[in-house]
Amino acid sequence: QVQLVESGGGLVQPGGSLRLSCAASGSIFSIVSMYWYRQAPGNQRYVVASITTSGSTYYVDSVKGRFTISRDNAKNTVYLQMNSLKPEDTAVYYCYFIVRDGSGSPRGYWGQGTQVTVSS
């Protein structure tokens with residue numbers, strides 16, 4: 001079993017910054033890819049950014065140039081640096097890892113979610 005623990009959410013004023021972290025622990029053979037999703041009330045959850053173990057990244061258009069995803073493979077941790085935050089960035093942010101466990105099969109795991117609120 002694999003557990004993901006998120007941290008770093010909170011309340012910030014427009015134009016401010018936050019850094020989210022998500023650390024994985026448990027039966028991890030290798031991490032295939034890491035994702036950050038977000039979900040605002042009444043909306044569907046969608047991917048904001050992703051990164052593979054080779055370092056390839058993806059960003060949804062609305063966060064390009066403001067958010068940066070990075071990872072520390074030794075710590076099984078992914079980060080999301082969020083700058084120039086806007087009220088429309090308000091949502092619950094979830095990390096999602098695709099992990100190969102001891103059996104070698106890839107499986108997806110979700111973090112518990114962390115609230116980000118951008119408001120004056």
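It should be noted that the structure appears before, not after, this text.
Read on for a plain summary of the structure. This one's a predicted model, so the numbers in the text were calculated from it and none came from an experiment.

**What to know about the state of the cysteines**
Here comes step 1: Taken as a whole, this structure holds one disulfide when the rule is applied.
Here comes step 2: The residue that forms a disulfide with cysteine 22 is cysteine 95, at a sulfur-sulfur distance of 2.0 Å. Across the S-S bond linking cysteine 22 and cysteine 95, the dihedral sits near 55 degrees, which makes this disulfide right-handed. Of the two residues, cysteine 22 is situated in strand E3 (residues 18–26) and cysteine 95 in strand E9 (residues 91–100); the sequence distance between them amounts to 73 residues. In terms of burial, cysteine 22 and cysteine 95 fall into one category: buried.

**Focus: unusual backbone geometry**
Here comes step 1: Despite not being glycine, asparagine 76 has its phi angle at roughly 50 degrees, a positive value.
Here comes step 2: Relative to the helices and strands, asparagine 76 is located in the loop between strand E7 (67–72) and strand E8 (77–82).
Here comes step 3: Of the residues examined, asparagine 76 reaches a relative accessible area of 23% and is grouped as partly exposed.
Here comes step 4: With a phi close to 50 degrees, serine 84 is a non-glycine residue in the positive phi region.

**Focus: the pattern of salt bridges**
Here comes step 1: One pass over the full model with this rule turns up three salt bridges.
Here comes step 2: Where aspartate 61 meets lysine 64, a salt bridge forms, and the shortest distance between an N and an O atom there is 3.0 Å. Considered together, aspartate 61 and lysine 64 belong to a single accessibility category, that of exposed residues.
Here comes step 3: One connected set of salt bridges, linked through shared partners, spans Arg38, Arg66 and Asp89.

**Here's the deal with the sheet that holds E3**
Here comes step 1: Spatial ordering of the open sheet is given by E1-E3-E8-E7, a layout of four strands whose pairing is antiparallel. Sheet topology places strand E1 (2–7) and E7 at the edges, where each strand pairs with a single neighbour. Averaged over neighbouring strand pairs, the angle between their axes works out to 15 degrees when direction is ignored.

How each quantity is defined
- Positions within a chain are numbered from 1, following the residues in the order the chain's sequence is written.
- Per-residue local features of the predicted model are confined to residues with pLDDT of at least 70, and side-chain atom pairs are confined, for both listing and counting, to 80 or more; whole-chain, interface and lining totals are unaffected and use all residues.
- As a rule here, side-chain values cover all heavy atoms of the structure and leave hydrogens and water aside.
- The definition used for a disulfide is geometric: two cysteine sulfur atoms within 2.5 Å.
- Comment: elements are numbered from the N terminus, with helices defined as DSSP H or I runs of at least four residues and strands as E runs of at least two.
- Relative accessibility thresholds used throughout: buried, under 20% of the residue-type maximum; exposed, over 50%; partly exposed, between the two (1.4 Å probe, protein chains only).
- By salt bridge we mean one thing: a side-chain nitrogen of Lys or Arg within 4 Å of a carboxyl oxygen of Asp or Glu.
- Here the rule is simple: two strands pair whenever DSSP picks up at least two bridges between them.
- Axis definition: a line fit to C-alpha positions, over the contact stretch in the case of helices; interaxial angles, taken between N-to-C directions, run 0 to 180 degrees.

The quantities given are spatial measurements derived from coordinates; they are silent on function.
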